[in-house]
Amino acid sequence: MLRVVLYLLALLVCPQSFAKAFIHPGILLDKSQLDYVKHKIKANKEPWLSRYLVMKNHALAALDHQPNAKWDGLNCGGPDGAGKHDRCRHEINDARAAYTQALLWYYSEDTRYAENAIQILNAWSDDFTGQHGGYNQALQAAWALAVWTRAAEIIRYSYPWPNRQVVQFENMIRDRYLADIDEYNTDCYFGNWQAVITEAKISAAVFLEDSELFESAIIRYQTYFPLYFYLEKDGQLPFALNKCQYAAKQARLKTYWNIQSKYTPLVSGHTQETCRDLEHTAYGIAGYVNTAQTAHIQQRDLFVQSQERFITALEFQASLDQPDSQLDLVCGKSVERKGGLTGTLLIAYEHYTKDHNIAMPNVKFWMDHNIELRPEGYFHYLWESLTHQR
């Protein structure tokens, strides 16, 4: 009896010290989701069939895709993936190709796609001998890691990938990606960095079956999520980390939130990057949505925990990504949309409207007019209009 009591007390004090039973595949997609879309495609059902064919005909799906992995380092200086000989662009492209071909293998059962995905994964774990560097070191590593693990998870649990190669890939995750993300403190960087770093860490935790890393990713989400999505009940100023320079009132709005005038009030649903541009806003939204989706598969419901902020923000951002929106008025200045929100929003929309019966009219209107635009998304989000359509 005493042993039982001590065990229960230990669970309460330090739950992460006990191994979590991970669900596989379980990064962004679980088996039921993969099978659901697979069956829709085989039955020639729309919109799945058309969206599948778009993916199949994309350059990322090319069976002659050759990975570019023989680098002694990746010095990534900007969000375009610029660096030595475009190395950073190649890395992201290869990760996205591996994920695309892993999906194609699962949906079509054509082993050529599985073999090609493995070739790409192995090339990077074999040939990438350096580290990430440059200003965007952590961001670049997180973008790629979020997608690498997604591809590897599907292959590992649906196709015979030799264990020696899996172990080598796991070592790459730890030594070339997690280590590069953690080398420098990025706590005060733009919010989309925090979002994708959180996504990358929870994805790596699932693939590595690392309970401690998983719990730390959950805590990270709970820390940074309310700093990115504002609600009026937070007060006149958004939440901030006191240790950051932008914690000061003026800097918080003008420098970090891109609000040029103190007379331009924040409204509920505003994100930290809304007034920067809507494409970077999409990067942040995608990182947090993808984190919540993976956590949900692993039986930790961040969607419910974050419901008010998520729904308010997604509804507000969708209303701003329209030709006649009030984006410039909201921000008190001219704001670029760039790629806008294209490629994202569907995962959260399907979850809240289908599982919780919550209406999201602005997001629905936005999707009705934009869902088919750029389904390959950007960086760490792609093909969700196929993979998560219900």
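Preceding this paragraph is the structure being described.
Read on for a plain summary of the structure. Bear in mind that the values here come from a model prediction, so they are computed numbers and not experimental data. (Residues numbered from 1 in each chain as written. Predicted model: local features only at pLDDT ≥ 70, side-chain atom pairs only at ≥ 80, totals over all residues. Heavy atoms only, no water.)

Remarks on the overall build of the protein chain
Item 1. Of the regular secondary structure elements, the protein chain holds 17 helices and 4 strands.
Item 2. Its C-alpha atoms give the protein chain a radius of gyration of 21 Å, within 12% of the compact-globule value 21 Å for 390 residues.
Item 3. Judged by the C-alpha coordinates and their principal axes, the protein chain covers about 60 × 60 × 45 Å.
Item 4. Buried positions account for 58% of the 390 residues belonging to the protein chain.
Item 5. Within the protein chain, counting contacts between residues at least 6 apart in sequence, those at least 24 apart form 77% of the total. (Helix = DSSP H or I, 4+ residues; strand = E, 2+ residues; numbered from the N terminus. Rg over C-alpha atoms; globule rule 2.2 N^0.38 Å. Buried < 20%, exposed > 50% of the residue type's maximum accessible area, 1.4 Å probe, protein only. Contact = heavy atoms within 4.5 Å.)

Remarks on the packing of aromatic side chains
Item 1. One pass over the full model with this rule turns up 32 aromatic pairs.
Item 2. On the basis of an interplanar angle of 50° and a centroid distance of 5.7 Å, the ring pair of W124 and W148 is categorised as tilted. A residue pair is termed long-range when its members are at least 10 positions apart, and W124 in helix α5 (residues 111–127) and W148 in helix α6 (residues 137–156) qualify at 24 residues. We note that W124, like W148, is buried. (Phe/Tyr/Trp six-rings, centres within 6.5 Å; stacked < 30°, edge-to-face > 60°.)

Focus on the state of the cysteines
Simply put, disulfide is the name for a covalent bond between the sulfur atoms of two cysteines.
Item 1. One pass over the full model with this rule turns up 3 disulfides.
Item 2. Two residues, C275 and C331, share a disulfide whose sulfurs are 1.9 Å apart. As the torsion about the S-S bond is roughly -85°, the C275-C331 disulfide counts as left-handed. On the criterion of sequence distance, the pair formed by C275 in the loop between α10 (249–256) and α11 (278–297) and C331 in helix α14 (residues 327–331) is long-range, its members being 56 residues apart. (Disulfide = S-S within 2.5 Å.)

So, the pattern of salt bridges
Item 1. In total, this model carries 18 salt bridges according to the counting rule given.
Item 2. Here R300 makes a salt bridge to E215, at a shortest N to O gap of 2.9 Å. Here the residue R300 occupies a position in the loop between α11 and α12 (302–305), and E215 occupies one in helix α9 (residues 211–228), the gap between them amounting to 85 residues.
Item 3. The class of R300 is partly exposed, set by a relative accessible area of 29%. (Salt bridge = Lys/Arg side-chain N within 4 Å of Asp/Glu carboxyl O.)

A look at unusual backbone geometry
Item 1. Along the chain, H24 connects to P25 via a cis peptide bond; the corresponding omega equals -15°.
Item 2. Position of P25 relative to the elements: it lies in the loop between α1 (2–13) and β1 (26–27).
Item 3. Put simply, E46 and P47 share a cis peptide bond, and its omega is 10°.
Item 4. Mapped onto the elements, P47 comes out in the loop between α2 (31–42) and α3 (48–56).
Item 5. In this structure, N44 takes a positive phi of about 60° despite not being glycine.
Item 6. Of note, N44 is situated in the loop between α2 and α3.
Item 7. The backbone of N357 sits at a positive phi, close to 55°, despite the residue not being glycine.

Considerations on α3
Item 1. When α3 is considered as a whole, its buried residues turn out to be W48, L49, R51, Y52 and M55. Each buried residue of α3 lies within a common arc of 165° when the element is viewed along its axis, so the set occupies one face.
Item 2. Looking at the buried positions of α3, the neighbouring elements they touch are α2, α4 (87–108) and α17 (384–387). (Arc of directions from axis to C-beta.)

Points about the side chain of D187
Item 1. By secondary structure assignment, the location of D187 is in the loop between α7 (163–182) and α8 (191–208).
Item 2. For D187, a relative accessible area of 16% puts it in the buried group.
Item 3. Side chain to side chain, D187 and K243 meet in a polar contact 2.4 Å long.
Item 4. For D187, the residues in contact, after removing those within four places along its chain, are Q194, R220, Y224, L241, K243 and C244. (Polar contact = N/O pair within 3.5 Å; in protein donor to acceptor, adjacent residues only side chain to side chain.)

Some thoughts on the side chain of Q165
Item 1. Tracing the backbone through its elements, the reader meets Q165 in helix α7.
Item 2. Judged by relative accessible area, which is 17%, Q165 ranks as buried.
Item 3. Other than its neighbours up to four places away in sequence, Q165 contacts I118 and N122.

Considerations on the environment of H90
Item 1. Residue position: H90 is located in helix α4.
Item 2. H90 sits 197 residues away from G287 along the chain, and the two C-alpha atoms are 21 Å apart.

Thoughts on the packing of α6 against α7
Item 1. Following both chains from N to C, one finds α6 and α7 inclined at 160°, their axes separated by 9 Å at the closest point. As far as their axial angle goes, α7 and α6 are roughly antiparallel. Crossing handedness for the pair α6 and α7: left-handed. Seen from α6, the contacting residues are Q137, A138, A141, A142, A144, L145, W148, T149, A152 and R156; seen from α7, they are V166, F169, E170, I173, Y177, L178, D180 and I181.
Item 2. Among the residues forming the contact of α6 with α7, the class breakdown is 13 nonpolar, 2 polar and 3 charged. (Axes fitted to C-alpha atoms, helices over the stretch in contact; angles between N-to-C directions. Parallel < 35°, antiparallel > 145°, perpendicular 65-115°, else oblique. Left-handed = near helix turned anticlockwise from the far one by under 90°. Nonpolar A, V, L, I, M, F, W, Y, C, P; charged D, E, K, R; others polar.)

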